[in-house]
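Architecture and fold: a report
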Amino acid sequence: MRVFKFGGASIRDADSIENITKVILHHKPDQLVIVMSALGKTTNQLERVLNAYYDNKSKEAYDLLN
């Protein structure tokens, strides 16, 4: 069994995701576990939303979310 974890810069755009597809297809005969995290910079942006919210800056949090 092989485990692959992709996230951040490795899934930042369409070209990166196509590359991941090639990696997965190369190992297709094997049993695979694929773990994907948030697309590039998504986690950072969510942290900004939460920090603004918990700093009682709800308007800023909603603006960031939008």
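Since the structure is predicted, the reported quantities are computational estimates derived from the model, not experimental observations. (Residues numbered from 1 in each chain as written. Predicted model: local features only at pLDDT ≥ 70, side-chain atom pairs only at ≥ 80, totals over all residues. Heavy atoms only, no water.)

Thoughts on helix H1 (residues 14-26)
- The terminal C-alpha atoms of H1 lie 18 Å apart, and with 13 residues this matches the ideal 18 Å at 1.5 Å per residue to within 8%.
- Sitting at the amino-terminal end of H1 is Asp-13, which places a side-chain oxygen 3.3 Å from the backbone nitrogen of Asp-15. (Helix = DSSP H or I, 4+ residues; strand = E, 2+ residues; numbered from the N terminus. Expected span 1.5 Å × (residues − 1). Polar contact = N/O pair within 3.5 Å; in protein donor to acceptor, adjacent residues only side chain to side chain.)

A look at the environment of Leu-50
- With respect to the helices and strands, the residue Leu-50 is situated in helix H2 (residues 42-54).
- Each C-alpha atom of the pair Leu-50 and Ala-61 lies 6.9 Å from the other, and the pair is 11 residues apart in sequence.

Comments concerning the packing of H2 against helix H3 (residues 58-65)
- Here H2 crosses H3 at 160°, and the two axes come no closer than 7 Å. Here H2 lies roughly antiparallel to H3, going by the angle between them. Of the two elements, H2 crosses H3, and the hand of that crossing is left-handed. Contacts from Gln-45, Arg-48, Val-49, Ala-52 and Tyr-53 in H2 reach Ser-58, Glu-60, Ala-61, Leu-64 and Leu-65 in H3.
- For the contact of H2 with H3, a count of residues per class yields 6 nonpolar, 2 polar and 2 charged. (Axes fitted to C-alpha atoms, helices over the stretch in contact; angles between N-to-C directions. Parallel < 35°, antiparallel > 145°, perpendicular 65-115°, else oblique. Left-handed = near helix turned anticlockwise from the far one by under 90°. Contact = heavy atoms within 4.5 Å. Nonpolar A, V, L, I, M, F, W, Y, C, P; charged D, E, K, R; others polar.)

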